[in-house]
Amino acid sequence: MAKDMRVTLLLDFYGDLLTEKQREALELYYNDDLSLGEIGEDFGISRQGVRDNIKRAEAILFEMEEKLGLAEKFSKIQQKLSSIRTQIDIIDQKNIKIYRSKEINESIKVILKELDELDKLNE
């Protein structure tokens, strides 16, 4: 069974909507890299039972993402924040080399502080 690594992100967002067994199976399979057989031994079920459990859980996660789109929004926000940081670095370097403006430097500090707070909210 090929692993879809998007599941690890979806598990962070929607894992609480799964049963304890489903969540645990996904965590063992994706995060701990255990085989279906190893998980089956831990759960006392067959390899096929684990596979079915994982497939059902993945379907729930993908359905939630399709309906709510939280993981996609999160990823887009992370990309935008990264882009903003890159542009701030460019402005900062130009300010250091060309303008030497104290006002620009202070504005950059304020923007970076705000970005740090957004990052904390996004964790």
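Participant: Hey, could you go over the overall build of the protein for me, with residue numbers and the actual values?
Facilitator: Each helix and strand in the protein was counted, giving 6 helices and 0 strands. Taken from the N to the C terminus, the helices and strands of the protein come in the order α-α-α-α-α-α. Its C-alpha atoms put the protein at 70 × 25 × 20 Å along the principal axes. For the protein, the residues scored as buried account for 27% of the 123 residues in total. Sequence-distant contacts in the protein: of pairs separated by 6 or more residues, those separated by 24 or more amount to 61%. Accessible surface for the protein amounts to roughly 8,600 Å². Of this, 52% is attributable to carbon and sulfur atoms. Charge separation in the protein, taken as the distance between the mean sites of 20 positive and 26 negative side-chain charges, equals 7 Å.

Participant: How would you sum up the environment of Leu112? Please name residues and give values.
Facilitator: Topologically, Leu112 is positioned in helix H6 (residues 102-121). In this structure Leu112 comes out as partly exposed when scored by relative accessible area, which is 28%. When the C-alpha positions of Leu112 and Ser83 are compared, they lie 12 Å apart, and in sequence the two are 29 residues distant. Not counting the four nearest positions on each side in its chain, Leu112 is found in contact with Arg85 and Ile88.

Participant: Account for the packing of helix H5 (residues 70-99) against H6, with residues named and values stated.
Facilitator: The N-to-C vectors of H5 and H6 enclose an angle of 160 degrees; their axes lie 11 Å apart at closest approach. The orientation of H5 relative to H6 falls into the category roughly antiparallel. For the pair H5 and H6, the sense of crossing is left-handed. Counting all contacts with H5, which are made through Gln78, Leu81, Ile84, Arg85, Ile88, Ile91, Asp92 and Asn95, the residues of H6 involved are Ile104, Asn105, Ile108, Ile111, Leu112, Leu115, Asp116, Leu118 and Asp119. Within the contact of H5 with H6, the residues separate by chemical class into 10 nonpolar, 3 polar and 4 charged.

Participant: Give a description of unusual backbone geometry that names residues and reports values.
Facilitator: Peptide bonds are, in most cases, trans, and in most cases residues other than glycine have a negative phi. Of note, Asp33 is a non-glycine position whose phi angle comes to about 60 degrees, a positive value. Along the polypeptide, Asp33 turns up in the loop between helix H2 (20-31) and helix H3 (36-43).

What counts, and at which threshold
- Residues numbered from 1 in each chain as written.
- Predicted model: local features only at pLDDT ≥ 70, side-chain atom pairs only at ≥ 80, totals over all residues.
- Heavy atoms only, no water.
- Helix = DSSP H or I, 4+ residues; strand = E, 2+ residues; numbered from the N terminus.
- Buried < 20%, exposed > 50% of the residue type's maximum accessible area, 1.4 Å probe, protein only.
- Contact = heavy atoms within 4.5 Å.
- Areas by Shrake-Rupley, 256 points an atom, 1.4 Å probe, with all protein chains shown as cover.
- Lys, Arg positive; Asp, Glu negative; His and termini not counted.
- Charge placed at Lys NZ, Arg CZ, Asp CG, Glu CD.
- Axes fitted to C-alpha atoms, helices over the stretch in contact; angles between N-to-C directions.
- Parallel < 35°, antiparallel > 145°, perpendicular 65-115°, else oblique.
- Left-handed = near helix turned anticlockwise from the far one by under 90°.
- Nonpolar A, V, L, I, M, F, W, Y, C, P; charged D, E, K, R; others polar.

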